[in-house]
Amino acid sequence: MTSSDALSPVRLRRALDAVPAYRPGKAPTVLEGVDAYKMSSNENPYPPLPSVIDVVRDAVTGMNRYPDARMVPLRERIADACGVTADEVVTGAGSSGVLGQIMGAVVEEGDEVVYAWRSFELYPILVSLAGARSVQVPLTADARHDLSRMAGAVTASTSLVIVCSPNNPTGPAVRAAELEEFLARVPRDVMVVLDEAYLEFVVADDAPDAMALYRSHKNLVVLRTFSKAYGLAGLRIGYAIARPAIADALRKAGLPFAVTTAGQEAAKASLDARDELGVRVKEIVGERGRLVDGLREQGWDVPDTEANFVWVPLGADALAFVEAADAAGLSVRGFPREGVRVSVDVPEANSRLLQVAAAFRAERADGPTAG
Ligand SMILES: *Cc1c(COP(=O)(O)O)cnc(C)c1O
């Protein structure tokens, strides 16, 4: 490529200059004689259920045809599970895809979008793509949303507020009482999205009941996904629950065939297999507890987590820790100068992570960079 090829011959949107690149979780380095584990993308570590693979296999035999664009059977199933009607369910290519539709439906160029930071890396990307401005409200010292400050950050230019609960990458869920107070303060013409990608892993008894809040707040949109607890990350299917008028707008802002037949069938089969999947979720929650306890015993200041990952606030040591884990066949997600997010995996992987963390700590305590 010559240097002139680096310049686009056509006019590109200026908004793109402000769009940060999304960094997908890395695959682990494969080491001789060591099982490698990818603990960098918050995926479900268990393989798909046979019953789900069966329906997907059937679905692909018809892939010369477009998928069902209206998806009534799937939307009815989701609606049943959430206690709403099918016209309040909007599906898309992952909840990321649905969030893109939300931006397309409510965010005008120049608007402000309020969300906590650090939070999901996709938020600043979608906001910049929309030509809007991110208003990032810092997390509290214990890595939680500062909902009072977030409500205070809403101005006449704000068209959307995103609450990520549990928060990716730090882990805490918002509390029901603080979320209610927050919703009472946000003007009713400003949409609030509650991103519950990790809902199924939540055990805290002070966590919000999103569907109850949805019934009492017309500007609340609940965002959920089949990618994490349901283990369908690779098939790309997520959904929003929204009032019918909002749901119609979200559908207009989406592409007609974004969800494949395989995705639709897998989602229905996964809802059928909820109990079986629930057993796995319980195991992950148990392993999460073991990781958090183990890390805290070693002296790490790990925040509470209600998700399928654990945040280790390593500060300047974040990337060195990523390398140490990689050398042990584990890929984790590093955030330079902030910390490392570790997705809960099968017991062997989690145990190895604890060993890496203990060795890392011991080495830092002995070495020249201690303190
Ligand atoms: C993983 C994740 C999503 C969902 O991603 P999709 O695969 O697009 O459904 C949404 N929000 C947060 C905070 C996530 O971490």
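Residues numbered from 1 in each chain as written. Predicted model: local features only at pLDDT ≥ 70, side-chain atom pairs only at ≥ 80, totals over all residues. Heavy atoms only, no water.

1. Looking at the overall build of the chain
Phase 1: Helix and strand counts for the chain come out as twelve helices and eleven strands.
Phase 2: Here the C-alpha atoms of the chain give a radius of gyration of 21 Å, agreeing with the 21 Å that 2.2 N^0.38 yields for 371 residues.
Phase 3: Taken along its principal axes, the extent of the C-alpha atoms in the chain is 60 × 60 × 50 Å.
Phase 4: Residue burial in the chain is summarised as follows: out of 371 residues, 51% are buried.
Phase 5: Pairs at least 24 apart in sequence give 72% of the contacts found in the chain among residues at least 6 apart.
Phase 6: Of the roughly 17500 Å² that the chain leaves accessible, carbon and sulfur atoms contribute 52%.
Phase 7: Charge separation in the chain, taken as the distance between the mean sites of 39 positive and 49 negative side-chain charges, equals 5 Å. (Helix = DSSP H or I, 4+ residues; strand = E, 2+ residues; numbered from the N terminus. Rg over C-alpha atoms; globule rule 2.2 N^0.38 Å. Buried < 20%, exposed > 50% of the residue type's maximum accessible area, 1.4 Å probe, protein only. Contact = heavy atoms within 4.5 Å. Areas by Shrake-Rupley, 256 points an atom, 1.4 Å probe, with all protein chains shown as cover. Lys, Arg positive; Asp, Glu negative; His and termini not counted. Charge placed at Lys NZ, Arg CZ, Asp CG, Glu CD.)

2. Some details on the packing of helix α11 (residues 318-327) against helix α12 (residues 347-366)
Phase 1: With their axes 10 Å apart at the nearest point, α11 and α12 run at an angle of 130 degrees to one another. If you check the angle between α11 and α12, you find them oblique. Two packed elements cross with a definite hand, and for α11 against α12 that hand is right-handed. Between α11 and α12, the contacting residues are Ala320, Phe321, Ala324 and Ala325 on the first element and Leu353, Val356, Ala357, Phe360 and Arg364 on the second.
Phase 2: Of the residues contributing to the contact of α11 with α12, the split by class is eight nonpolar, no polar and one charged. (Axes fitted to C-alpha atoms, helices over the stretch in contact; angles between N-to-C directions. Parallel < 35°, antiparallel > 145°, perpendicular 65-115°, else oblique. Left-handed = near helix turned anticlockwise from the far one by under 90°. Nonpolar A, V, L, I, M, F, W, Y, C, P; charged D, E, K, R; others polar.)

3. Some words on the packing of aromatic side chains
Phase 1: Under the definition given, this model contains eleven aromatic pairs.
Phase 2: A centroid spacing of 4.6 Å and a plane angle of 20 degrees characterise the contact between tyrosine 66 and phenylalanine 257, whose relative ring orientation is stacked. Note that tyrosine 66 is positioned in the loop between α1 (50-60) and α2 (72-82) and phenylalanine 257 in the loop between α8 (244-252) and α9 (261-272), a separation of 191 residues in sequence.
Phase 3: Measuring from centroid to centroid gives 5.2 Å for phenylalanine 321 and phenylalanine 360, while their planes differ by 70 degrees, and the two rings are edge-to-face. Within this pair, whereas phenylalanine 321 is found in helix α11, its partner phenylalanine 360 is found in helix α12, the two being separated by 39 residues in sequence.
Phase 4: With a relative accessible area of 5%, phenylalanine 360 lands in the buried category.
Phase 5: Linked through ring pairs, Tyr115, Trp117, Phe120 and Tyr123 together constitute an aromatic cluster.
Phase 6: Sitting over the face of the ring of tyrosine 214, arginine 243 holds its NZ or CZ atom 4.8 Å from the ring centroid.
Phase 7: When the ring centre of phenylalanine 309 is taken as origin, the NZ or CZ atom of arginine 341, which lies over that ring, is 5.9 Å away. (Phe/Tyr/Trp six-rings, centres within 6.5 Å; stacked < 30°, edge-to-face > 60°. Lys NZ or Arg CZ within 6 Å of the ring centre and 35° of its normal.)

4. Some remarks on the domain arrangement of the chain
For an interface, size is often stated in terms of accessible area lost upon the parts coming together.
Phase 1: What the domain assignment reports for the chain is domain 1 (18-47 + 275-362) and domain 2 (50-272).
Phase 2: One C-alpha centre belongs to domain 1, the other to domain 2; they are set 25 Å apart.
Phase 3: Both faces combined, the contact of domain 1 with domain 2 buries some 2300 Å², and carbon together with sulfur accounts for 62% of it.
Phase 4: Its largest share of buried area at the contact with domain 2, domain 1 owes to Tyr22, Leu277 and Glu306, together 25% of the area lost on that side.
Phase 5: Here domain 1 and domain 2 share three salt bridges between them.
Phase 6: Seen at the junction of domain 1 and domain 2, the total is 13 residue pairs in polar contact (both at pLDDT 80 or more).
Phase 7: By residue number, the principal contributor to the side of domain 1 that touches domain 2 is helix α10 (residues 274-298), which donates five residues.
Phase 8: A breakdown of the residues in the side of domain 1 that touches domain 2 according to their chemical character gives 14 nonpolar, five polar and eight charged. (Domains from an automatic or database assignment. Buried area = accessible area lost by both parts, 1.4 Å probe. Salt bridge = Lys/Arg side-chain N within 4 Å of Asp/Glu carboxyl O. Polar contact = N/O pair within 3.5 Å; in protein donor to acceptor, adjacent residues only side chain to side chain.)

5. Focus on the sheet that holds strand β5 (residues 158-164)
Phase 1: With mixed pairing, the seven strands of this open sheet are ordered in space as β2-β8-β7-β6-β5-β3-β4. Bordering the open sheet on either side are β2 (89-92) and β4 (133-138), each of which pairs with just one other strand. Strand-to-strand twist across the sheet, computed as the mean angle between neighbouring axes with direction ignored, equals 25 degrees.
Phase 2: In the sheet, strand β3 (residues 112-117) pairs with β5 via four bridges, with the strands oriented parallel. Paired with valine 114 across the strands is valine 161, a residue of β5.
Phase 3: Set on the sheet, α2 makes contact with β2, β7 (220-225) and β8 (238-241); between it and β2 the angle comes to about 125 degrees. (Pairing = 2+ DSSP bridges.)

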